[in-house]
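The lines below spell out each chain.
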Amino acid sequence: MSDLKQDTINYTVRLGDDALILGHRISEWVSNGPFLEEDIALGNVSLDFIGRARMFYTYAADLSGEGKTEDHFAYMRNEREFQNYLINELPRGDFAYTIARQLFVDTYNHYFLTALTKSSDENLAAIAAKAVKETKYHLRRSTDWTLRLGDGTEESHKRMQAGIDDVWGYTKELFEHDELEQRLIDAGIAVDATRFKDQWLADIAAVIKEATLEMPDGEWAVRGGREGYHTENLGHILTELQYLHRCYPNSEW
Amino acid sequence: MTAKDQTTDISALEGKFQQRIDAEQKIEPKDWMPEKYRKTLIRQISQHAHSEVIGMQPEGNWITRAPSLRRKAVLLAKVQDEAGHGLYLYSAAETLGVSRAELIEALQNGTAKYSSIFNYPTQTWGDIGAIGWLVDGAAICNQVSLQRTSYGPYSRGMIRICKEESFHQRQGYQIMMELAKGSPEQKAMAQDSLNRFYWPALMMFGPHDAESAHSSQNMEWKIKRETNDDLRQKFVDQTVPQIEYLGLEHPDKDLKWNEERGHYDFGELNWEEFIAVINGNGHCNRQRIQHHIRAHEEGAWVRDAQNAFEQKRKARKAQSAA
Ligand SMILES: [Fe+2]
Ligand SMILES: [Fe+2]
Ligand SMILES: [Fe+2]
């Protein structure tokens, strides 16, 4: 296998990991939302991310051959092998915390996926083309909710500010890349997120301002997702997500 | 108007109402209807709505643990459908002059009921198959007959909901098929889930006709179109070949084809257990309601924020218009 192909597989799996782990977290909202319409909407968003994970994993499986399937990547890898960004594995938190994470991630995905539609890898470009449409809807939702909560009641304002402050430090690594990604950026396959960092920041700042909230303190940053250096949360997610599949190895479901 | 006039007035209205029902005309929200008809419908529709919503919990219990990504996505979509059914039915109930907030309050304080099937725990993945196949299957039997119910919004709701329920049943049966033709452990899982959910599914049709408190008036008003026992028989009959096809053992040892009736005879249900579960002795009664209350209370500040924001927005709009 060529190095570029192996790099592409790894990159695609990373994108699958981001989508799966966040989809898992959002799915925890089902039957726990603030009202029934939100249960449905959060279920929708979760389904989009899980669907996205399936597309990335399936493509990675096709590229790797060896009879792998999407489920291999989701169910048969361990904590140190998952390479999702840490922001995706943070707990569900309260509704404001969830919205803060979504605001950051959805804004990021809007730029990221738009750029990925131009990837020289046609398959990645095609997945991005589908996903970017869903992200438009996600972003509208997370923006609207940030405004409502920020400019709602005293309590919601406080909670929304806390959510933004608590998630902030996990956004930094979204704009960094390692050598593997640099090689793929050079080959026109991967997205260079540093290129839209300023736009992302400006968008976030605008929403936060309109929501009568404060921009968080910019100094702290937690990183490590792409190296498999995770928070304690991921192990528990995988314990739950993988338990049944691993209990009955080589079974069809 | 004298009291006597009023009575004749009402009985005239009632006569006309019954005529319309007999002529298979749908009753619409703005039409006159007997107070008891309205009350009965509110009780039945809201109970149905609550069942959809509470039913999200036992199935939601397996979303994060589904054994494959495909099954995870299908289950998540199913639970979401059930939430949609709940919404739809709450709206149908609201056309009868009751608010969703009142209905939820009644669920939470125990005056309104939900289907007791959801007081049973989903212990294994097989239970997700059994619920889709048997519980949604039993619900469909009931709901297909309710497509012809006399109240327009309810009838239309049922038509729409039934389409999705048949998907759910098929998906549940697919889970059972995979398990039944899988490893010995998987097959045992399927058998165990069938054994646990078969009888409670039969009880979803309610007590025997002879013991059913509401049956005859509801049949006359065409709120109900078929009796509990008839629906149950239909379900028993249709389930037999499905169990055979899976190669599983039928949980009912008394089951026997009755040539004369053209139906299966089946064993007596354990009503004592059924009533015990309804009365709070199920594994999950308290858990289900407490979960609902907790989520509702945790969401209070979100709903408040939404209202406050809406108020501010309106005020701003009014000010800029002035
Ligand atoms: Fe339903
Ligand atoms: Fe239903
Ligand atoms: Fe259903």
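Source: prediction; values computed, not measured.

About the criteria used
- Residues numbered from 1 in each chain as written.
- Chains lettered and ligands numbered in written order.
- Predicted model: local features only at pLDDT ≥ 70, side-chain atom pairs only at ≥ 80, totals over all residues.
- Heavy atoms only, no water.
- pLDDT = per-residue confidence, 0-100.
- Donors = N, O, S within 2.8 Å, 3.2 Å for Na, K, Ca; no water.
- Helix = DSSP H or I, 4+ residues; strand = E, 2+ residues; numbered from the N terminus.
- Buried < 20%, exposed > 50% of the residue type's maximum accessible area, 1.4 Å probe, protein only.
- Arc of directions from axis to C-beta.
- Contact = heavy atoms within 4.5 Å.
- Tetrahedral: all angles 85-135°; square planar, octahedral: opposite > 155°, others 65-115°.
- Buried area = accessible area lost by both parts, 1.4 Å probe.
- Salt bridge = Lys/Arg side-chain N within 4 Å of Asp/Glu carboxyl O.
- Polar contact = N/O pair within 3.5 Å; in protein donor to acceptor, adjacent residues only side chain to side chain.
- Nonpolar A, V, L, I, M, F, W, Y, C, P; charged D, E, K, R; others polar.
- Core = buried A, V, L, I, M, F, W, Y, C linked by side-chain atoms within 4.5 Å.

Enquirer: So what exactly am I meant to see when it comes to the confidence of the model for chain B here?
Expert: Detailed conclusions should not be drawn from predicted coordinates in areas where pLDDT is low. The pLDDT averaged across chain B works out to 95; a share of 98% of its residues lies at or above 70. Interface scoring of the predicted complex returns ipTM 0.97; its pTM is 0.96.

Enquirer: Could you clarify how one ought to interpret the coordination of the iron ion (ligand 3) in this entry?
Expert: Around a metal, the idealised angle for a tetrahedral arrangement of four donor atoms is 109.5 degrees; for an octahedral arrangement of six donor atoms it is 90 or 180 degrees. Residues and elements named next belong to chain B. Protein ligation of the iron ion (ligand 3) involves Glu82 (OE), Asp136 (OD), Glu165 (OE) and His168 (ND1), the donor distances falling in the range 1.9 to 2.2 Å. Within one chain, the residues donating to the iron ion (ligand 3) are spaced in sequence as E-x53-D-x28-E-x2-H. If you look at the iron ion (ligand 3) and the iron ion (ligand 1), they sit 3.4 Å from each other and are both ligated by Glu82. Of the two residues, Glu82 sits in helix α4 (residues 69-94) while His168 sits in helix α7 (residues 152-180), which places them 86 residues apart along the sequence. Accessibility assignment for this pair places Glu82 and His168 in one class, buried.

Enquirer: Please explain helix α11 (residues 271-281) of chain B as it appears in this structure.
Expert: Residues spaced three or four apart along an α-helix point in a common direction, a consequence of the helix completing one turn every 3.6 residues. All names here are of chain B. Within the sequence span of α11, burial applies to Trp271, Phe274 and Val277. Around the axis of α11, the buried residues are gathered within 125° of arc, so they sit on the same side. Turned more than 90 degrees from where α11 packs its buried face, Glu272, Asn279 and Asn281 sit exposed. Contacts from the buried residues of α11 go to α8 (184-203), α10 (228-246) and α12 (285-298).

Enquirer: Sorry if this is basic, but what is going on with the environment of Val191 of chain A here?
Expert: Residues and elements named next belong to chain A. Tracing the backbone shows Val191 in the loop between α7 (179-186) and α8 (197-210). Residues Val191 and Arg148 lie 43 residues apart in sequence; the distance between their C-alpha atoms is 32 Å. Ignoring sequence-local partners within four residues, the contact set of Val191 consists of Tyr11, Phe112, Ala115, Leu116, Ile185 and Phe196.

Enquirer: Please explain the coordination of the iron ion (ligand 1) as it appears in this structure.
Expert: Residue and element names in this part refer to chain B. Binding of the iron ion (ligand 1) to the protein goes through Glu52 (OE), Glu82 (OE), His85 (ND1) and Glu165 (OE), at separations of 2.0 to 2.1 Å. One way to put it: the 4 donor atoms around the iron ion (ligand 1) meet at angles of 84 to 137°, and that makes the site irregular. Ordering the donors of the iron ion (ligand 1) by residue number gives the pattern E-x29-E-x2-H-x79-E. A separation of 3.6 Å is found between the iron ion (ligand 1) and the iron ion (ligand 2), which are bridged by Glu52. Here Glu165 lies in helix α7 and His85 lies in helix α4, a separation of 80 residues in the sequence. Taking the relative accessible area as the measure of exposure, Glu165 reaches 2% and is therefore buried.

Enquirer: Whenever I open this one, the interface of chain B and chain A confuses me. Can you help?
Expert: Much of the literature gives interface size as the accessible area that the parts lose upon coming together. With 45 residues of chain B in contact, the opposing surface of chain A contributes 47 residues. Between chain B and chain A, roughly 4000 Å² of surface is buried when both sides are summed, and carbon and sulfur atoms account for 66% of that area. Counting the contacts that link chain B with chain A gives 3 salt bridges. Residue Lys312 of chain B is joined to Asp151 of chain A by a salt bridge in which the shortest nitrogen-to-oxygen separation is 3.1 Å. Seen at the junction of chain B and chain A, the total is 18 residue pairs in polar contact (both at pLDDT 80 or more). When residues of the side of chain B that touches chain A are traced back to their parent elements, those giving at least two are α3 (56-60), α4, α7, α8, α12 and α13 (300-321) of chain B. Residues belonging to the side of chain B that touches chain A are distributed by class as follows: 23 nonpolar, 10 polar and 12 charged.

Enquirer: Help me out: how do you make sense of the nonpolar core in this one?
Expert: Considering soluble globular proteins, one finds that nonpolar side chains tend to be buried as a cluster. The biggest cluster of nonpolar side chains holds 85 residues, and the ones touching the most others in it are Tyr37, Ile45, Trp125 and Tyr151 of chain B. Sequence-distant contacts of Tyr151 of chain B, defined by excluding residues within four places in its chain, comprise Ile27, Glu28, Pro29, Met33, Tyr37, Leu41, Ile45, Ala92, Thr95 and Leu96 of chain B. Formed by 80 residues, the second largest nonpolar core is a distinct cluster that contains Ile26, Tyr57 and Leu124 of chain A together with Trp301 of chain B.

Enquirer: Which parts of the structure should I look at to understand the environment of Ile161 of chain B?
Expert: All names here are of chain B. Within the secondary structure, Ile161 sits in helix α7. Residue class for Ile161 comes out buried when judged on its relative accessible area of 1%. Between the alpha carbons of Ile161 and Leu89 there is a distance of 9.4 Å; along the sequence they are 72 residues apart.

Enquirer: Please explain the pattern of salt bridges as it appears in this structure.
Expert: Side chains carrying opposite charge are able to pair once their charged atoms draw close together. Scanning all chains against the criterion turns up 36 salt bridges over all chains. Close ionic contact of Asp17 of chain A with Arg77 of chain A constitutes a salt bridge, the shortest N to O distance being 2.5 Å. You can see Asp17 of chain A sitting in helix α1 (residues 3-27) and its partner Arg77 of chain A sitting in the loop between α3 (70-75) and α4 (95-116), a full 60 residues away along the chain. Here Asp17 of chain A and Arg77 of chain A have matching classes, each one buried. Glu24 of chain B serves as the salt-bridge partner of Lys222 of chain B, at 2.8 Å between the closest nitrogen and oxygen. You can see Lys222 of chain B sitting in the loop between α9 (215-220) and α10 and its partner Glu24 of chain B sitting in the loop between α1 (3-22) and α2 (35-54), a full 198 residues away along the chain. By relative accessible area, Lys222 of chain B is classed as buried at 14%.

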